[in-house]
Amino acid sequence: MELTATAMQETHEKVLNDKKYGKEFLLIKEILCKEEYKLNTDINIIALKIALIDVTNSTHISQHKKKISLYALAEIIQNIPNIDERIEKGDVSVVNDIAKATATYPYQRNFFSFASKYCHYHSLFVYGHDYYPIYDTVVSKNLYRYEPHCKKGEPEKWRNSIRYDLYKEQIDKVLANYKLIAPEKDAPYTEFDHFVWYPYRKDDGDNQE
């Protein structure tokens, strides 16, 4: 399918109308929009939000419980300096900070994909901005289809080296090349993610991590 604003919007609508994915997308929205769930100061609230995003986005955090517990991950997020103010401004280094903290000793688990999704949903539903493109295996494996200079496997290298800034720059190049970024408006990261992910998700076993 050709990448156009219309095609992205149509695919986005398909996701929203999907009985499984649409309801889960709206569930995240409804919860994060509640005043008591917005900030990342209460470790109990953070843990609930981690679990919500993990289950709905298949980030498989629970598989690494022996290395890093839900409480430990919530504590990492709680201790990120000025996390809420930075997400509100679209600071991409927040993703790297979360992923680096999980990847270091004693945890040694790179939660790069989860970190991008955690920031994405907070930016989108708490602050009303689409500042963070999601990283997952489906999008990363198919990004080369829309950017010839992005080699297969390159997004995975950015994940392994925890360079979310490079991943975001590549997404921005794609959107700019297709003239999909309008002046003074947020980039359509959500629509682009759905455009790439939805048709190819079955090829990857519905695995988003």
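Here, every reference points to the structure presented above.
Residues numbered from 1 in each chain as written. Predicted model: local features only at pLDDT ≥ 70, side-chain atom pairs only at ≥ 80, totals over all residues. Heavy atoms only, no water.

A. View of the overall build of the protein chain. Across its full length, the protein chain carries 11 helices and zero strands. Ordered by position from N to C terminus, the α and β elements of the protein chain give α-α-α-α-α-α-α-α-α-α-α. Expected size for 209 residues packed as a compact globule is a radius of gyration near 17 Å; at 16 Å, the protein chain falls within 12% of this value. Along the longest, intermediate and shortest principal axes, the C-alpha atoms of the protein chain span 45 × 35 × 35 Å. Here the protein chain holds 209 residues, and 51% of them are scored as buried. A sequence separation of at least 24 residues applies to 67% of the contacts in the protein chain between residues at least 6 apart. Across the protein chain, the 29 positively charged side chains and the 32 negatively charged ones have centroids separated by 5 Å. (Helix = DSSP H or I, 4+ residues; strand = E, 2+ residues; numbered from the N terminus. Rg over C-alpha atoms; globule rule 2.2 N^0.38 Å. Buried < 20%, exposed > 50% of the residue type's maximum accessible area, 1.4 Å probe, protein only. Contact = heavy atoms within 4.5 Å. Lys, Arg positive; Asp, Glu negative; His and termini not counted. Charge placed at Lys NZ, Arg CZ, Asp CG, Glu CD.)

B. Representation of the pattern of salt bridges in the model. Per the counting criterion, the structure on display carries six salt bridges. Salt-bridge contacts for Arg86 lead to Asp97; the nearest nitrogen and oxygen are separated by 2.6 Å. With Arg86 in helix 5 (residues 83-89) and Asp97 in helix 6 (residues 93-103), the pair connects residues that are 11 residues apart, well separated along the chain. Of the residues examined, Arg86 reaches a relative accessible area of 15% and is grouped as buried. With a closest N to O distance of 4.0 Å, Glu156 and Arg159 form a salt bridge. Within this pair, Glu156 and its partner Arg159 are both found in helix 9 (residues 154-160), separated by three residues, close to a single helical turn. Note on Arg159: relative accessible area 17%, which makes it buried. Taken together, the shared-partner salt bridges connect Arg86, Asp91 and Asp97 into one network. (Salt bridge = Lys/Arg side-chain N within 4 Å of Asp/Glu carboxyl O.)

C. Focus on the environment of Asn82. You can see Asn82 is positioned in the loop between helix 4 (70-78) and helix 5. Residues Asn82 and Asp42, spaced 40 residues apart in sequence, show a C-alpha to C-alpha distance of 14 Å.

D. Region of the structure containing helix 2 (residues 21-32). The end-to-end C-alpha distance of helix 2 is 17 Å, a good match for the 16 Å that 12 residues give at a rise of 1.5 Å each. Inspection of helix 2 places Tyr21, Gly22, Phe25, Ile28 and Leu32 among the buried residues, and these make up the whole buried set. For helix 2, the angular spread of buried residues about the axis comes to 130 degrees, placing them on one side. Along helix 2, exposed side chains directed more than 90 degrees from the buried face belong to Lys23 and Glu30. The inward-facing, buried residues of helix 2 contact helix 1 (5-17), helix 3 (43-57), helix 7 (112-126) and helix 11 (189-200). (Expected span 1.5 Å × (residues − 1). Arc of directions from axis to C-beta.)

E. Structural view of the packing of aromatic side chains. Following the criterion strictly, the structure yields 14 aromatic pairs and no others. Considering the side-chain rings of Tyr21 and Tyr198, the 6.4 Å spacing of their centres and the 90 degrees angle between planes classify their relative orientation as edge-to-face. A residue pair is termed long-range when its members are at least 10 positions apart, and Tyr21 in helix 2 and Tyr198 in helix 11 qualify at 177 residues. The residues Tyr21 and Tyr198 share a single accessibility class, namely buried. Through pairs of rings, three or more aromatic residues link up here, namely Phe112, Tyr132, Tyr135, Tyr164 and Tyr167. When the ring centre of Tyr198 is taken as reference, the NZ or CZ atom of Arg201 above it lies at 4.0 Å. (Phe/Tyr/Trp six-rings, centres within 6.5 Å; stacked < 30°, edge-to-face > 60°. Lys NZ or Arg CZ within 6 Å of the ring centre and 35° of its normal.)

F. Quick look at the nonpolar core. The biggest cluster of nonpolar side chains holds 63 residues, and the ones touching the most others in it are Ile50, Phe114 and Phe192. With residues up to four places along the chain from it excluded, the contact list for Ile50 reads Ile61, Leu70, Leu73, Ala74, Ile77, Phe114 and Tyr118. (Core = buried A, V, L, I, M, F, W, Y, C linked by side-chain atoms within 4.5 Å.)

G. Local environment of unusual backbone geometry. In this structure, the amide linkage connecting Tyr105 to the following residue, Pro106, adopts the cis form with an omega of 10 degrees. As for its placement among the helices and strands, Pro106 is situated in the loop between helix 6 and helix 7. With a phi angle near 55 degrees, Ile162 is a residue other than glycine that sits in the positive phi range. Checked against the element boundaries, Ile162 lands in the loop between helix 9 and helix 10 (164-177). Of note in this structure, Lys179 is not a glycine but carries a positive phi near 55 degrees. Here Lys179 shows up in the loop between helix 10 and helix 11.

By themselves, these are just geometric observations and shouldn't be taken as functional.
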